[in-house]
Amino acid sequence: MTQPHTPTPADLQKDAPEKRPAGERGSTSLAVGVVEKIAGMAAREVSGIHALGSGFSRTFGAMRDRVPGSSSKSGVGRGIKAEVGEKQAAIDIALVVEYGVVIPRLASEVRANIIEAVERMTGLEVVEVNISVNDVHLPDDPDEDEEEDSQSSGKRPRVQ
């Protein structure tokens, strides 16, 4: 009869599973809103953008933001839709640009800035950034905020 083999420390190290780096032990998931906010902040960094979103979405979002306790999407991510997978993201963004900017150049800068920020901060590969320019803000056009302030204060604008 043979005696049972008592493992030595060297035997235990050989049979032990390889230790994986901490970064490989578990998973990280990102909410769509995280990618949308990062993209919104990156887009706003580019000079020549007046606002994000279409006129309707900005107006509706401003009304939603005034409701106490509402959990609406913050203004940072307004006008942005993202699809987020395990390794990739796709982003659609609606813009209102300032009058006088060269729109193709602006779109290229916005796209590059969004891709760089999202990939750097999330580790996701951005496969596409689709940009929709919905309006041009003219220098003499009032902002929506100014219109809301004059309407809510009951004052009529000086010039109609």
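The model shown is predicted, which means the values in this text are computed figures rather than measured ones. (Residues numbered from 1 in each chain as written. Predicted model: local features only at pLDDT ≥ 70, side-chain atom pairs only at ≥ 80, totals over all residues. Heavy atoms only, no water.)

Trainee: Teacher, can you tell me more about the pairing of strand 4 (residues 125-137) here?
Mentor: In summary, the side chains of a regular strand alternate between the two faces of the sheet. The pairing of strand 3 (residues 88-98) with strand 4 spans 11 bridges and is parallel. Bridged to aspartate 92 within strand 4 is asparagine 130. (Pairing = 2+ DSSP bridges. Helix = DSSP H or I, 4+ residues; strand = E, 2+ residues; numbered from the N terminus.)

Trainee: Got a minute to help me understand a nonpolar patch on the surface in this structure?
Mentor: Together, Tyr99, Ile103, Val133, Val136 and Leu138 make up an exposed nonpolar region whose accessible area comes to about 400 Å². Residue position: leucine 138 is located in the loop between strand 4 and helix 5 (144-152). (Patch = residues over 30% accessible without salt bridge, like charges linked within 9 Å, V, L, I, M, F, W, Y side chains within 5 Å. Areas by Shrake-Rupley, 256 points an atom, 1.4 Å probe, with all protein chains shown as cover. Salt bridge = Lys/Arg side-chain N within 4 Å of Asp/Glu carboxyl O.)

Trainee: Explain the nonpolar core to me, please; I cannot follow it from the model alone.
Mentor: A general tendency of soluble globular proteins is for nonpolar side chains to be buried together. Counting residues in hydrophobic clusters, the biggest one holds 23 residues, and the most contacted among them are Ile49, Ile91, Ile93, Val110, Ile114 and Val118. When residues of this core are traced back to their parent elements, those giving at least two are helix 2 (32-44), strand 1 (49-52), strand 2 (80-84), strand 3, helix 4 (103-122) and strand 4. The residues contacting valine 110, other than those within four sequence positions of it, are Ala43, Val46, Ile49, Leu95 and Ile131. (Core = buried A, V, L, I, M, F, W, Y, C linked by side-chain atoms within 4.5 Å. Buried < 20%, exposed > 50% of the residue type's maximum accessible area, 1.4 Å probe, protein only. Contact = heavy atoms within 4.5 Å.)

Trainee: How should I be thinking about the pairing of strand 2 in this particular structure?
Mentor: As judged from the five bridges shared by strand 2 and strand 3, these two strands associate in the antiparallel manner. The partner of valine 84 across the bridge, within strand 3, is alanine 89. The turn linking strand 2 back onto strand 3 is made up of three residues.

Trainee: So what exactly am I meant to see when it comes to the packing of helix 2 against helix 4 here?
Mentor: Closest axis-to-axis distance for the helix 2/helix 4 pair is 8 Å, and the angle between their directions is 135°. Relative to helix 4, helix 2 is oriented oblique. For the pair helix 2 and helix 4, the crossing hand works out as right-handed. The residues of helix 4 that touch helix 2, namely those facing Val35, Ile38, Ala39, Ala42 and Ala43, are Val110, Asn113, Ile114, Ala117, Val118, Met121 and Thr122. (Axes fitted to C-alpha atoms, helices over the stretch in contact; angles between N-to-C directions. Parallel < 35°, antiparallel > 145°, perpendicular 65-115°, else oblique. Left-handed = near helix turned anticlockwise from the far one by under 90°.)

Trainee: So what exactly am I meant to see when it comes to the environment of aspartate 92 here?
Mentor: As for its placement among the helices and strands, aspartate 92 is situated in strand 3. C-alpha separation for the pair aspartate 92 and alanine 82, spaced 10 residues apart in sequence, amounts to 6.3 Å. With residues near it in sequence (within four places) discarded, aspartate 92 still touches Gly79, Ile80, Lys81 and Asn130. Within polar-contact distance, the side chain of aspartate 92 engages the side chain of asparagine 130 at 2.9 Å. (Polar contact = N/O pair within 3.5 Å; in protein donor to acceptor, adjacent residues only side chain to side chain.)

Trainee: Can you walk me through helix 4 in this structure?
Mentor: Helical geometry: 3.6 residues make up each α-helical turn, so side chains three or four residues apart lie on a common side. Taking 1.5 Å per residue, 20 residues should reach 28 Å; helix 4 reaches 28 Å between its end C-alpha atoms and fits that length. All buried positions along helix 4 are accounted for by Leu106, Ala107, Val110, Ile114, Ala117, Val118 and Thr122. The buried residues of helix 4 occupy an angular sector of 110° when the element is viewed end-on, so they sit on one face. Within helix 4, the exposed residues directed more than 90 degrees away from the buried face are Pro104, Arg105 and Arg120. Buried residues along helix 4 sit in contact with helix 2, strand 1, strand 3 and strand 4. Trailing helix 4 by a residue or two, glycine 123 shows a phi angle of about 80°, which is positive. (Expected span 1.5 Å × (residues − 1). Arc of directions from axis to C-beta.)

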